[in-house]
Amino acid sequence: MKTNIIGIIISVFLLLPGYGGSARAEENVRIPAAGEKTLLNDGWFARRANEVRTDGNQLTASPFDAGGWMRAKVPGTVLATLLENGLFPAPEFGLNNNLIPDVYEVGRDFYTFWFVRPFRVEGFRPGQQVWLNFRGINYKADIFLNGKRLNTVTHEGMFRRNSFLISPYLKAGDGNLLAVIVYPPDYPGNPNGGQGGDGEIARNVTMQFTPGWDWIRPVRDRNTGIWDEVSITATGAVRVQHPYVTTKVPGVRLPEGLQEDAAVGISAEVENTSDVLQKGLLTCETDGRRLTMPLTLAPGEKRQVAFKELVVRNPRLWWPNGIGRQELYDLQIAFETDGETSDCLRLRYGIREIASRRSAETGGLAFRVNGQPVFITGGNYIASDWLLRLSPERYRAEVRFHAEMNLRMIRVWGGALLERPEFYDACDEFGLLVFQDLWGSGDCNGAWEDPMKRDSRARRWEYPDNHDLFIASVEDQVKMVRNHPSLCFWCGGNEWPLAGDIDRRLKTDVFPRLDPARLFVSYSTDTALIGRHAGGVGDGPYGIQEPEWFFVRHDPAFNPEAGSVGSPEVESMRMMMTEADLAQVPQSGRVRNEAWRYHMDLGYGNHLERYGKVTDIETYCKYAQVVNYDQYRSFMEGWASHMWEWYTGILIWKTQNPWTSLRGQMYDWFLDVNASLYGTKKGCEPLHPAYNRVSRQVEILNTAPGSHAVTVAARICDLSGATLWEHEAAATAPPSGVVRMFDVPVPEQVKGAYFLKLTLSEAGKELTDNIYWLTTTEKDYTTLAGLPESKPEVQVSLDKQGEEYVGTVRMTADGRISFFNRIKVFDRQTGNRILPVHYSDNYITLMPGDRKEIRLSFPSSLPRERIEIAVDSWTAARQVF
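Criteria and thresholds
- Residues numbered from 1 in each chain as written.
- Predicted model: local features only at pLDDT ≥ 70, side-chain atom pairs only at ≥ 80, totals over all residues.
- Heavy atoms only, no water.
- Pairing = 2+ DSSP bridges.
- Helix = DSSP H or I, 4+ residues; strand = E, 2+ residues; numbered from the N terminus.
- Axes fitted to C-alpha atoms, helices over the stretch in contact; angles between N-to-C directions.
- Core = buried A, V, L, I, M, F, W, Y, C linked by side-chain atoms within 4.5 Å.
- Buried < 20%, exposed > 50% of the residue type's maximum accessible area, 1.4 Å probe, protein only.
- Contact = heavy atoms within 4.5 Å.
- Expected span 1.5 Å × (residues − 1).
- 1 Å grid on protein atoms, 1.4 Å probe; cavity = no way out; pocket = protein on both sides within 12 Å on 5 of 7 lines; lining within 4 Å.
- Points joined across faces, edges and corners; volume = space filled by probe spheres on them.
- Nonpolar A, V, L, I, M, F, W, Y, C, P; charged D, E, K, R; others polar.
- Disulfide = S-S within 2.5 Å.
- Salt bridge = Lys/Arg side-chain N within 4 Å of Asp/Glu carboxyl O.
- Polar contact = N/O pair within 3.5 Å; in protein donor to acceptor, adjacent residues only side chain to side chain.
- pLDDT = per-residue confidence, 0-100.

Explain the sheet that holds strand 40 (residues 818-827) here, please?
Hydrogen bonding along the main chain pairs the strands of a sheet, whether they run parallel or antiparallel. In spatial order, the strands read 42-40-44-45; together these four strands make up an open sheet with antiparallel pairing. Looking at which strands have only one partner, the edges of the open sheet turn out to be strand 42 (844-846) and strand 45 (879-880). Both strand 44 (residues 867-872) and strand 45 contribute to a ladder of two bridges, which runs antiparallel. Opposite V871, over in strand 45, you have Q879 as the bridge partner.

Below you can see the structure in the form of structure tokens.
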């Protein structure tokens, strides 16, 4: 009954006057030149399939009347379309997601939709081969154009591209109608509260988190829809596809100076799509050089061809973040016949060589890039948005956040996506190595017995039902992203290998054939990757820890996921739930409110109360941020303190959330940063002075190549800012190594909180500092409330540079300690935050006499007079500029 009522309401809504669109809604589509594409990202309409009383052939053979149809979001999902049309409330807020019908309850018909795109073509020339391309449809689909079904076999699988020759069916001087009927996954699964619900979602080749996990609620349509880009391209008779670029960088290189030669291998697939013989010239242009190869292709012939290996003199190398620059080369491959370009493809690649070996000291896998050892610091990434509202701009902002944390690797977790080219473009730009899982998880794929799952462990290890579809999907997606220098290695599944025959085929055929230059490991906790572990799954833990915990040895040597807290700022909390819900803040980690539980609050134990009584949401968020910072700084310092001795790498679980979750994140779904990001950033500095919380020693952590002769000055101050102890020492920090320096005393004259400042200098120039708040009273920081009121002197400048505002905030201490200053940017007219903002630092503590300059940038979508920059301090009222 509920299903029928909701369906009737939607149908009536679409019949309201003025809704839908005009009777003839064609928009012009330009047929592009070879090597270009025209995106079909707008002008779509959608309607539930059971309301369309005709088949695809008839639907697309008739003039389109938009009456009764809603505007559709493509790329996007059915649910995203319904939300954009105001048919359901925003599921990210409060308990609203419970108001949206779940496909498991209401049936697949409820989310089976037609998507149609009327259009007229411009620039269609005789002899052109015009192609309609889909980069992702979830889950099954049939595709029609002008009365013709384009696919001879129903599309199946979330991760398969499709390309159709549509030249014979295009109407050059009249309206065209494209229609796609999209069906949800065959097995949407019961969202019963288990990891991936009852596990049946894994019977499909699709993302597994959509029935819910312990950090996300169910996606009600399981992300059914045309979720990735749709485009039109044009070629001549010969098509060029699936390029493959490999690079070799022998020896041990340094980021600076002249380089010895490197080698570049280039190949591509060339296809004669016509029924006559084709002769021409295959060309490749890169780095100012042009390679050629005469080719003759029989009718219908498809051939993989390779150019002679290219030797590059003094190459500009690509390096991971924090080690060197991310140099990229342009490449173009084209097929020319009779002086015309039949097809052309362009890409960017980086010259680098990634190698790995099992560390004899730790047992974990150790990575080298261009011969240099790289201690891996990174984060687990789920998806940019739970409803797949993806964009290059959002991808770039998120990857940039990871680079700003001084991280070097992003793991794309196996219950989500094989990430899009735009994500990889950003990783190439910012130097983030990518650890890419395929589509599998221990929870859904049978790693252990689970009473929440419908099928037995043995049956689940046979998932998905269609193994050939899984392999075909992997082959297609590998071809899509394998040329990105940021792609480091492939992983079969999260915490458990895929079905035996799939795993074997990947190891012995797919990757040796399609990407032999890269490592493949069967699963994320494979001992070939992580080394030894002391039982359990081989990763974790996932909750808040004492800062000292991170400096004690914990296997494995390469930990693919260990996590902690990450509550957002108060402004984000107010966009997640009502004031009544926010008032019921957790006490000593105990969650009392349903909305907090629904948004998966992890809990801080008694860590917030160590700073004072938590009375309201403002206090909760204030204390949460100071705990976030200290937690993640200790997290990263503890692992780096024993690099190569105990560890080869650590990846945080997680650095982001695809929805409004209250756990494990450096920035939230709204793209506002929290203090976890800056604690991580500080702890991951490539050259970093650190205080070991267990040994009580100062250490220098150098995770970059090159040695540094440095000096570290240490100073202990009480809350008034008075100096109680000072010490300075010099040392040489070896490449990718640790120096243990001197002991730091506990001040006997202090009861409660005090500050330790470490300053690292090289050749008389200060490079960085690191300020700790410590206590002589175990687990009690309440005396920080006695800090004298301090309001730093602030100067702000702001300039518009292209599409961004770029500015500086200069802060000077007023003679007292100014603790934990948070910079925020607002629209002064609406009071809303401007997001995202990239800060060179934030949550800044100034000791007496300190000066800091913070750079910031954000989109220039508002006029300058509406920009408001605010500084919130621990002991002073907000300053606004």
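After that view of the structure, there is still more to cover.
So what exactly am I meant to see when it comes to the pairing of strand 21 (residues 354-358) here?
Within a regular beta strand, the side chains point alternately toward one face of the sheet and then the other, so they alternate between its two faces. Pairing between strand 21 and strand 22 (residues 365-369): five bridges, direction antiparallel. From the neighbouring strand, S356 faces strand 22, where its bridge partner is F367.

Would you explain the sheet that holds strand 22 in this entry?
The antiparallel open sheet is built from three strands, whose spatial order is 21-22-23. The open sheet is flanked by strand 21 and strand 23 (372-374), the only strands paired with a single partner. Between one strand axis and the next, the sheet turns by 35 degrees as a mean value, whatever way the strands run. Where strand 22 lies against strand 23, three bridges are found, and the strand directions are antiparallel. By the bridge assignment for strand 23, V369 is matched with Q372.

In this structure, what is going on with the nonpolar core? I would like to understand it.
Inside soluble globular proteins, nonpolar side chains tend to come together where they are buried. The biggest cluster of nonpolar side chains holds 209 residues, and the ones touching the most others in it are F209 and L784. For this core, the element with the highest residue contribution is helix 14 (residues 617-640), accounting for 13 residues. In this structure L784 touches Y611, L719, A753, F755, W773, F819 and W874, once residues within four positions along its chain are discounted.

Could you clarify how one ought to interpret the pairing of strand 31 (residues 687-691) in this entry?
In terms of burial, strand 31 is largely enclosed, as five of its five residues are buried. Residues L687, P689 and Y691 point to one face of strand 31 and H688 and A690 to the other, with burial holding for every one of them. Hairpin connection, strand 31 to strand 32 (residues 697-702): the antiparallel pair is bridged by five residues, and R696 has positive phi, about 60 degrees.

How should I be thinking about unusual backbone geometry in this particular structure?
With the exception of glycine, most residues fall at negative phi, and the peptide bonds are largely trans. Between V74 and the following residue, P75, the backbone shows a cis peptide bond with an omega angle of 0 degrees. Relative to the elements of secondary structure, P75 occurs in the loop between strand 4 (70-71) and helix 3 (78-84). Cis geometry marks the peptide bond from L835 to P836, where omega comes out at -10 degrees. Structurally, P836 is set in the loop between strand 40 and strand 41 (838-839). Even without being a glycine, S736 presents a positive backbone phi close to 45 degrees.

Any chance you could explain helix 8 (residues 467-481) here in plain terms?
Spacing of three or four residues puts side chains on the same side of an α-helix, whose turn is 3.6 residues. The end-to-end C-alpha separation of helix 8 is 22 Å, in line with the 21 Å expected for 15 residues at 1.5 Å each. Most of helix 8 sits inside the fold, with eleven of its 15 residues counted as buried. Looking at helix 8, one finds that the buried residues are H467, L469, F470, I471, S473, V474, D476, Q477, V478, M480 and V481. Buried residues along helix 8 sit against strand 9 (155-156), helix 6 (421-430), strand 27 (487-493) and helix 9 (500-514).

Would you mind showing me how to read the layout of surface pockets here?
Over the atoms rolls a probe the size of a water molecule, and its path tells where empty space is left. If you add up the space inside the largest pocket, you get close to 1800 Å³. Together, 46 residues line the largest pocket, and R161, Q241, H242, P243 and M480 are the ones closest to its centre. Every element with two or more residues in the lining of the largest pocket is listed here: strand 6 (129-134), strand 10 (162-165), strand 12 (230-235), strand 13 (238-248), strand 14 (262-272), strand 20 (340-349), helix 6 and helix 8. A class-by-class count of the residues in the lining of the largest pocket yields 14 nonpolar, eleven polar and 21 charged. In this structure, the second largest pocket spans a volume of roughly 560 Å³. If you go around the second largest pocket, you meet 23 residues; those closest to its centre are K682, E685, T768, D841 and K852. Of all the elements in the fold, those that place two or more residues in the lining of the second largest pocket are helix 14, helix 15 (675-683), strand 37 (765-775), strand 42 and strand 43 (851-859). Take the lining of the second largest pocket: its biggest share by element is seven residues, from strand 37.

Looking at this structure, I do not really get the environment of V312. What am I missing?
Along the chain, V312 turns up in strand 18 (residues 310-312). Separated by 39 residues in the primary sequence, V312 and I351 have C-alpha atoms spaced 9.4 Å apart. Excluding residues within four positions of it along the chain, V312 makes contact with D261, A262, V264, D287, R289, Y329 and I351.

Quick question: what am I supposed to make of the state of the cysteines here?
Every disulfide links exactly two cysteines, by a covalent bond between their sulfur atoms. The tally for this structure, following the rule as stated, stands at zero disulfides. Take C488: it sits in no disulfide, and the sulfur closest to it among the cysteines is that of C427, at 12 Å.

Where do I start with the environment of V249 in this structure?
If you trace the backbone, V249 turns up in the loop between strand 13 and strand 14. Since its relative accessible area comes to 3%, V249 is described here as buried. Sequence-wise, V249 and L317 are 68 residues apart; in three dimensions their C-alpha atoms are separated by 8.7 Å. In this structure, V249 is in contact with A262, L317, I351, R352, E353 and N370, ignoring residues within four places of it in sequence.

What am I meant to see in the pattern of salt bridges here?
Pairing is possible between side chains that carry opposite charge, provided their charged atoms lie close to one another. One pass over the full model with this rule turns up 71 salt bridges. For E398, the salt bridge identified is with R394, shortest N-O distance 3.5 Å. Placement of both E398 and R394 in helix 5 (residues 392-404) is noted, with a separation of four residues, approximately one turn of the helix. Exposure class is identical for E398 and R394. Each is buried. The residue D672 makes a salt bridge to R833 at a minimum N-O spacing of 2.8 Å. On the criterion of sequence distance, the pair formed by D672 in the loop between strand 30 (649-653) and helix 15 and R833 in the loop between strand 40 and strand 41 is long-range, its members being 161 residues apart. By relative accessible area, D672 is classed as buried at 5%.

Looking at this structure, I do not really get the environment of Y667. What am I missing?
Positionally, Y667 belongs in the loop between strand 30 and helix 15. Taking the relative accessible area as the measure of exposure, Y667 reaches 1% and is therefore buried. Among residues more than four places away in sequence, those in contact with Y667 are Y381, E398, F401, H402, T655, Q656, D672, V673 and N674. At 2.6 Å, the side chain of Y667 and the side chain of E398 are in polar contact.

Can you help me understand the side chain of N380 in this one?
Within the secondary structure, N380 sits in strand 24 (residues 376-381). Polar side-chain contacts of N380 include one of 2.8 Å to the backbone oxygen of P560.

How should the confidence of the model for the protein chain be read in this particular structure?
Low-pLDDT stretches of the model should not have their predicted coordinates read in fine detail. Of all residues in the protein chain, 97% attain a pLDDT of 70 or more, and the chain-wide mean is 95. Ignoring residues within four places in sequence, the model shows residues 15-24, a span with pLDDT below 50, making 21 contacts including any to other chains.

What exactly am I supposed to notice about empty space enclosed by the protein here?
Evaluation of the coordinates by the stated rule reveals four cavities of 30 Å³ or more. Reported here for the largest cavity is a volume of approximately 80 Å³. Lining of the largest cavity is provided by N321, G322, T377, N406, R408, A640, G683, C684, E685, P686, L701 and T703. Considered class by class, the residues forming the lining of the largest cavity number four nonpolar, six polar and two charged.

What's the story with helix 6 in this structure? I'm lost.
Here helix 6 lies mainly inside the structure; eight of its ten residues are buried. Inspection of helix 6 places P421, E422, F423, Y424, A426, C427, D428 and F430 among the buried residues, and these make up the whole buried set. Tucked into the core, helix 6 has its buried residues touching strand 24, helix 5, strand 25 (409-412), strand 26 (433-437), helix 8 and strand 27. With its phi angle positive at about 80 degrees, G431 sits one or two positions after the end of helix 6.

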